[in-house]
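Summary of structural features
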Amino acid sequence: MVEKFSSRVIRLGEYLRIAIPLEIANTVNLADQTPVNIFINDQGNIEIELQESDAPNAMCAICGIYAARKKCINCGRIVCSKCFWAFGSLCKKCARK
């Protein structure tokens, strides 16, 4: 089941702020300093995934097959070494852009 919510995007200088609807923040216990991964999917939608603090062996955010050990400096995805371009410190999706 897919639920859709409306939000606002606010520009503060060079940064964009996205208001998370209160019903979502309360449902997932989203609070200040909650670690999340934020990225833009293939359809151009912003996706937010909560990071599991008790899951040290998180799986790659791109392939989902291998353990994630690298972090993209552009989007913040946690990915495996096969989906990471070490020279640029970028994930495979950001390296294509």
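The following refers to the structure shown. Computed from a prediction, not measured in an experiment: that's the story for all the values here.

Cut-off values and rules
- Every chain is numbered independently, its residues counted from 1 as its sequence is written.
- Residue-level local features of this predicted model are given only where pLDDT is at least 70; pairs of side-chain atoms are given and counted only at 80 or more, and the full residue set underlies all totals for whole chains, interfaces and linings.
- In computing side-chain values, all of the structure's heavy atoms are included and hydrogens and water are not.
- Cavity and pocket criteria rest on a 1 Å grid covering protein atoms alone: a 1.4 Å probe that fits but cannot get out defines a cavity, protein on both sides within 12 Å along at least 5 of 7 lines defines an open pocket, and an atom within 4 Å of a point defines a lining residue.
- Grid points are joined across faces, edges and corners, and a volume is the space filled by probe spheres set on the points.
- Under the scheme applied, nonpolar residues are Ala, Val, Leu, Ile, Met, Phe, Trp, Tyr, Cys and Pro; charged residues are Asp, Glu, Lys and Arg; polar residues are all the others, including Gly.
- Each Phe, Tyr or Trp ring (for Trp, its six-membered ring) is paired with any other whose centre lies within 6.5 Å, and the angle between the two planes then decides the class: stacked below 30 degrees, edge-to-face above 60, tilted in between.
- With a 1.4 Å probe rolled over the protein chains alone, any residue whose accessible area is under 20% of its type maximum counts as buried; one over 50% counts as exposed, and the rest are partly exposed.

Right, let's talk about the layout of surface pockets for a bit. Taken as a whole, the second largest pocket holds about 610 Å³ of empty space. Around the second largest pocket sit 21 residues that line it, and Ile20, Ile24, Ile46, Glu47 and Ile48 are the ones nearest its centre. Within the lining of the second largest pocket, the residues separate by chemical class into 13 nonpolar, 3 polar and 5 charged.

The geometry of an aromatic ring pair is captured by the separation of the ring centres together with the interplanar angle, meaning the angle of the planes. In the structure shown here, the tally under the stated rule is 1 aromatic pair. Measuring from centroid to centroid gives 5.7 Å for Trp85 and Phe87, while their planes differ by 55 degrees, and the two rings are tilted. We classify Trp85 as partly exposed; its relative accessible area is 41%.

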